[in-house]
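# Breakdown of the fold
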Amino acid sequence: MEDNTVSFQDKSIELTKNEAKILRLLLERKNSIVSRDDLMEYLWKTDYYVDENALSVNVNRLRKKLEQIDVRDFIITKKGIGYLV
C-alpha cells in the first residue's frame with residue numbers, strides 16, 4: 001500500500017491517492033461499517049463542501065480496478081450508511 005499498488009494472485013494494479021486511502025481505511029476497520037462521513041473526512045479533511053457523489057465515484061473506480069485483478073464483491077455498500085470489507 002505504501003506505493004499505492006495492490007496485488008492479488010500474480011496481478012497488480014496502481015491506485016490513485018484517494019483510492020488507496022479508501023482501501024486503507026476500509027481494511028483498517030475490517031468487518032465494521034465505515035460511514036460515508038468518516039470516509040469523506042479522511043479523504044478531504046476540509047471544512048468546505050465536497051459533493052458526496054465524489055466519494056461514490058472514487059469507490060466505484062476502486063471497485064473496477066480491483067476487478068481487474070479478480071477481486072470481486074470485496075467492498076460492500078451499506079445503503080445510506082457507508083461501506084465495509
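So, how was this worked out
- Residues numbered from 1 in each chain as written.
- Predicted model: local features only at pLDDT ≥ 70, side-chain atom pairs only at ≥ 80, totals over all residues.
- Heavy atoms only, no water.
- Buried < 20%, exposed > 50% of the residue type's maximum accessible area, 1.4 Å probe, protein only.
- Helix = DSSP H or I, 4+ residues; strand = E, 2+ residues; numbered from the N terminus.
- Arc of directions from axis to C-beta.
- Polar contact = N/O pair within 3.5 Å; in protein donor to acceptor, adjacent residues only side chain to side chain.
- Core = buried A, V, L, I, M, F, W, Y, C linked by side-chain atoms within 4.5 Å.
- Contact = heavy atoms within 4.5 Å.
- pLDDT = per-residue confidence, 0-100.
- Pairing = 2+ DSSP bridges.

Bringing helix α2 (residues 36-44) into the picture now. Listed as buried for α2 are Arg 36, Leu 39, Met 40 and Leu 43. One face of α2 carries all of its buried residues, which in axial projection span an arc of 100°. Once α2 ends, the next one or two residues include Lys 45, with phi positive near 30°.

Another aspect to go through is the environment of Asp 3. Its location among the elements puts Asp 3 in the segment before β1 (5-8). Distance from Asp 3 to Leu 15, taken between C-alpha atoms, is 8.7 Å for residues 12 residues apart in sequence. A polar contact is formed between the side chain of Asp 3 and the backbone nitrogen of Thr 5, at a distance of 3.2 Å.

Turning our attention to the nonpolar core. If you look at the biggest cluster of nonpolar residues, it comprises 22 residues, and the most contacted ones within it are Ile 22, Leu 55, Leu 66 and Ile 75. Sorting the residues of this core by element identifies α1 (17-28), α2 and α3 (52-68) as the ones contributing at least two each. Ranked by residue count, the leading element in this core is α1, at five residues. When sequence neighbours within four positions are dropped, the list of residues in contact with Ile 75 reads Leu 26, Val 59, Leu 62, Arg 63, Leu 66, Tyr 83, Leu 84 and Val 85.

Attention now moves to the confidence of the model for the chain. On average, residues of the chain score 91 in pLDDT, and 94% of them reach the 70 mark or higher. For the chain, per-element mean pLDDT is lowest for α2, which scores 91, and highest for strand β3 (residues 34-35), which scores 96.

As a further point, take the environment of Leu 26. Within the element layout of this structure, Leu 26 appears in helix α1. Overall, Leu 26 belongs to the buried group, its relative accessible area being 1%. Residues Leu 26 and Leu 15, spaced 11 residues apart in sequence, show a C-alpha to C-alpha distance of 15 Å.

Spatially, β3-β5-β4 is the arrangement adopted by the three strands of the open sheet, whose pairing is antiparallel. At either margin of the open sheet sits one strand with a lone partner, and together these are β3 and β4 (76-78). As judged from the two bridges shared by β3 and strand β5 (residues 82-84), these two strands associate in the antiparallel manner. Its bridge partner being in β5, Val 34 is matched across the sheet by Tyr 83.

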